Amino acid sequence: MNLRFTKMQGAGNDFCVIDATRQALTLSPAQLQRLGDRRFGVGCDQILVIESSSTPGVDFRYRIFNGSSGAEVEHCGNGARCFVRYVNEKGLSAKRSIRVETLNKQLELHLREDGRVSVDMGAPVFDLAQVPFDAQGLSPRVQAGFELWPLAELGVELAVLSMGNPHAVLLVPDSEAAPVEQLGPRIETHARFARKVNVGFLQVLSRSSVRLRVFERDAGETLACGTGACAAVVAGIRLGLLDAAVEVQTHGGLLKIEWAGGSAAGAAAGLDAPVFLTGPAQTVFEGEISL
């Protein structure tokens, strides 16, 4: 089959975007892997599929497939920013704010006048069973009321949470010197994470600025990870290290994360306050591939 696609990127996190609003699209895992392959296909971190939605109040269905494995995943924040720019540029919606549904939640996406895109990523999830993370037999170290879970065999402590997909955040003194390629895959596939985990290596520069590298589940290190940036900032706020608005420096560019749930000023919002992600989203090129 011949497939039309649009290549897009958000802070260096790259995507193949496919419009399936007019007819159903069924691709096998092997075809999705071919599309995501950087040598034999187009190449991308994730494949984003836009579908119509029958849910009242929802504009589109937003499906995300891993470019390496072809597996459907729960969430992608940088992809969500590309999603709203795509539907606006392609005339699928004239609205600058849209609501979409993913595999397990609904998101509000906003195209701003300055060209950046903001996403209401929903509330973080701290219930370990929902991450999921098996903490049986572990004794956490508590900092500012938030747990850091030890993986003694790896010599690390992790903040664990979900942004609709699982995240483990590791505090490091220097993100550039962090052993991302060595520790990333060992934490990602650790037996305590039943569905694997995205691993963030977080360096705190100030209360409003951090550096971050993320080893993504089934993808390896990427230039940026939107949900990873959200998880890292939320963890930093819960640990008492960050304020409610933080700039995140990634290898792919700058992201802004805002969360009122853990700050003194926003305490009334509670831990179920939504996280807001703002950053760039750009079209790179369009094409057609035979799969």
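Residues numbered from 1 in each chain as written. Predicted model: local features only at pLDDT ≥ 70, side-chain atom pairs only at ≥ 80, totals over all residues. Heavy atoms only, no water.

A. Fine view of the overall build of the protein. A tally of helices and strands in the protein yields 4 helices and 19 strands. The globule rule puts the C-alpha radius of gyration for 291 residues at 19 Å, and the 18 Å found for the protein is close to it. With respect to the three principal axes, the spread of C-alpha positions in the protein is 55 × 40 × 30 Å. Once local pairs closer than 6 in sequence are excluded, the contacts in the protein between residues at least 24 apart make up 62%. Of the roughly 11900 Å² that the protein leaves accessible, carbon and sulfur atoms contribute 48%. One finds the centroid of the 28 positive side-chain charges in the protein at a distance of 2 Å from the centroid of its 32 negative side-chain charges. (Helix = DSSP H or I, 4+ residues; strand = E, 2+ residues; numbered from the N terminus. Rg over C-alpha atoms; globule rule 2.2 N^0.38 Å. Contact = heavy atoms within 4.5 Å. Areas by Shrake-Rupley, 256 points an atom, 1.4 Å probe, with all protein chains shown as cover. Lys, Arg positive; Asp, Glu negative; His and termini not counted. Charge placed at Lys NZ, Arg CZ, Asp CG, Glu CD.)

B. Representation of the side chain of D120. Position of D120 among the secondary structure elements: in strand β8 (residues 117-120). One buried charged residue, D120, remains without a salt bridge, the closest side chain of opposite sign being R99 at 6.1 Å. In terms of polar contacts, D120 uses its side chain to reach the backbone amide nitrogen of G122, at 2.9 Å. Among residues more than four places away in sequence, those in contact with D120 are L107, E108, P274, V275 and F276. (Buried < 20%, exposed > 50% of the residue type's maximum accessible area, 1.4 Å probe, protein only. Salt bridge = Lys/Arg side-chain N within 4 Å of Asp/Glu carboxyl O. Polar contact = N/O pair within 3.5 Å; in protein donor to acceptor, adjacent residues only side chain to side chain.)

C. Structural detail: unusual backbone geometry. Between V131 and the following residue, P132, the backbone shows a cis peptide bond with an omega angle of -5°. In this structure, K196 takes a positive phi of about 65° despite not being glycine. Examined against the element boundaries, K196 turns out to sit in the loop between α3 (180-188) and β13 (198-206).

D. Representation of helix α1 (residues 29-36) in the model. Every buried residue of α1 is listed here: L32, L35 and G36. End-on view of α1: buried residues confined to an arc of 95°, all on one side of the axis. Check the buried side of α1 and you find it contacts β1 (2-10), β2 (13-19), β3 (46-52), β4 (60-66) and β19 (282-290). (Arc of directions from axis to C-beta.)

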